[in-house]
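Descriptive analysis of the structure
Okay, here's what each chain looks like letter by letter:
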Amino acid sequence: NNDKLIKVTFNKANGDKITAEGKKGDSLLDVIINNNLDFDGYGACEGTLTCSTCHVILDSKDYDALPDKPSDEELDMLDLAYNLTDTSRLGCQIILEEKLDGLEVQVPATVNDARYN
Ligand code: FES
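Notes on the structure in this doc start here.

Parameters at a glance
- Residues numbered from 1 in each chain as written.
- Predicted model: local features only at pLDDT ≥ 70, side-chain atom pairs only at ≥ 80, totals over all residues.
- Heavy atoms only, no water.
- Helix = DSSP H or I, 4+ residues; strand = E, 2+ residues; numbered from the N terminus.
- Rg over C-alpha atoms; globule rule 2.2 N^0.38 Å.
- Buried < 20%, exposed > 50% of the residue type's maximum accessible area, 1.4 Å probe, protein only.
- Contact = heavy atoms within 4.5 Å.

Before going further, it helps to spend a moment on the overall build of the protein. When its secondary structure is counted, the protein shows three helices and five strands. Along the protein, helices and strands appear, N-terminal first, in the series β-β-α-β-α-α-β-β. For 117 residues, the compact-globule formula gives about 13 Å, and the C-alpha radius of gyration of the protein, at 13 Å, lands near that figure. For the protein, the spread of C-alpha atoms along the principal axes amounts to about 45 × 30 × 25 Å. The buried share among the 117 residues of the protein stands at 42%. Residue pairs at least 24 apart in sequence account for 65% of intrachain contacts in the protein once pairs closer than 6 positions are excluded.

What follows is about the side chain of S27. By the element assignment, S27 lies in the loop between β2 (17–23) and α1 (28–34). Here S27 falls in the buried class, since its relative accessible area comes to 5%.

Rendered as C-alpha cells:
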C-alpha cells in the first residue's frame, strides 16, 4: 500500500526533536515542506542540487541502509555543506521507502548556501 505513512524524526542542534510523516517516494525535503516544518534556510534550492542547505547527518547504520548511494553531484554539493561528516547526505536526495520508517536524522545548527559562496 503506497499510502502508508513513513515516520521521520529530525533532531535539531538545539535539542528539539520533530517527528513528521511522509509517503513513499517523498524526499526528506518534501516531508519538511509538506509539514511546514520551520528549519531556517533549509532546502533553499528546492531540491535542484545547487545549495547544500538540506544537509542532514545520519547514524552510520542508517547511512549504510539507504537504498541509493550519493551521486557525484550530491557529493560535490556536500563538500560545501556546513559541518560535513562521513555520514552526511542531502535531504532532497533521500527518498522515503517503507523500510526507512522510524528514520532519525540530525539537522546541523546552520546552513551554508553554496549558491552564495
Ligand atoms: Fe538544495 Fe537539496 S535543497 S541541494
